Amino acid sequence: MLGIKRLGLLAALVLVGVAPAAAAQAAAQPSSQDTQYLQAIHQVNLFEITTGELAQQKGQNQRVKDLGKMFVTDHTQLDQTVQQTASQLNVKLPNGPTADQQSVIDRLNNASGGNFDREWVTAQLAGHLQAIQATQTEISQGSEQSVIQLAQTALPTLQAHYDELVQIAEQLGIPVPQASASGTPSPGATTESPAPGGTGTESPAPGGTETESPAPGGTETEAPAPGGGTTENPAPGVS
């Protein structure tokens with residue numbers, strides 16, 4: 001009997017030990033938002049590394065070549081953190097870019113000269129804007145702190161890349177995607193700031209301040225107008 005009681009007590013102790021461990025493991029599971037972000041940003045990094053290498057090999061514009069080199073360096077470093085974080089959270093990462101990203105890579109492989117530069121910048125603008133959107137979503141909606149911190153680290157890099165791309169796009173005459181569609185204030189500021197900067201265009205427009213100020217000052221214009229008062233004052237004086 002004593003042996004049976006001891007076995008029962010031992011089994012109870014084992015269960016008590018297993019329960020917290022199982023709870024801790026369950027708590028360590030990242031949310032679907034965190035998982036999807038890790039997978040998506042990893043694919044972004046794979047895409048940027050590949051296209052960055054293409055820019056160095058095939059770019060005609062030196063700024064395209066230089067930016068491609070920057071992308072390879074920055075996204076390689078970022079992906080190291082992504083892989084470490086995913087490993088700690090037992091998140092399986094894709095082996096390659098998305099089908100859409102691969103389609104862009106194939107198109108760039110077939111482009112050359114100035115056409116390559118234009119296609120590359122156009123694709124990078126759209127890709128970075130989407131990456132910024134996804135990163136901002138993770139920061140606001142993520143639940144796993146390590147993934148949120150990764151997104152907070154990635155965001156300034158992605159925004160800096162986008163700003164560089166906007167400058168090259170303007171140089172090459174390439175349309176820049178409207179950030180209003182994404183609702184992202186930071187990257188879009190490069191395209192929207194001049195527009196709301198209508199403060200500079202609106203002030204001169206009502207700059208009829210020179211023509212309107214005397215109008216409200218009609219006290220001065222009306223006084224001289226009836227200023228025939230020099231003739232009217234004596235008129236009432238006659239009566």
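Residues numbered from 1 in each chain as written. Predicted model: local features only at pLDDT ≥ 70, side-chain atom pairs only at ≥ 80, totals over all residues. Heavy atoms only, no water.

**Focus on the overall build of the chain**
Helix and strand counts for the chain stand at 12 helices and zero strands. The order of α-helices and β-strands along the chain, N terminus first, is α-α-α-α-α-α-α-α-α-α-α-α. In the chain, buried positions account for 32% of the 239 residues. Sequence separation of at least 24 residues holds for 76% of the intrachain contacts in the chain that already meet a minimum separation of 6. Total accessible area on the chain is roughly 13700 Å²; 55% of this is exposed by carbon and sulfur atoms. (Helix = DSSP H or I, 4+ residues; strand = E, 2+ residues; numbered from the N terminus. Buried < 20%, exposed > 50% of the residue type's maximum accessible area, 1.4 Å probe, protein only. Contact = heavy atoms within 4.5 Å. Areas by Shrake-Rupley, 256 points an atom, 1.4 Å probe, with all protein chains shown as cover.)

**What about the pattern of salt bridges?**
The tally for this structure, following the rule as stated, stands at two salt bridges. Residue E119 is joined to R107 by a salt bridge in which the shortest nitrogen-to-oxygen separation is 2.8 Å. Residue E119 is found in helix 5 (residues 113–141), and its partner R107 is found in helix 4 (residues 99–110); the two are separated by 12 residues along the sequence. Judged by its relative accessible area of 39%, R107 falls in the partly exposed class. (Salt bridge = Lys/Arg side-chain N within 4 Å of Asp/Glu carboxyl O.)

**Here's the deal with the confidence of the model for the chain**
In this model, the chain carries an average pLDDT of 77, and 63% of its residues clear a pLDDT of 70 or more. For residues 21–26, every residue scores under 50 in pLDDT, and the model assigns this stretch zero contacts once sequence neighbours within four places are set aside. Between residues 180–239, whose pLDDT stays under 50, and residues either more than four places distant or in other chains, the model counts 34 contacts. (pLDDT = per-residue confidence, 0-100.)

**Overview of helix 4**
In this model helix 4 runs 17 Å from its N-terminal to its C-terminal C-alpha over 12 residues, within 8% of the 16 Å that 1.5 Å per residue would give. Looking at helix 4, one finds that the buried residues are Q101, V104, I105 and L108. Taken around the axis of helix 4, the buried residues stretch over an arc of 100°, which confines them to a single face. Exposed positions of helix 4 whose direction lies more than 90 degrees from the buried face are A99, D100 and N110. The elements touched by buried residues of helix 4 are helix 2 (32–58) and helix 5. (Expected span 1.5 Å × (residues − 1). Arc of directions from axis to C-beta.)

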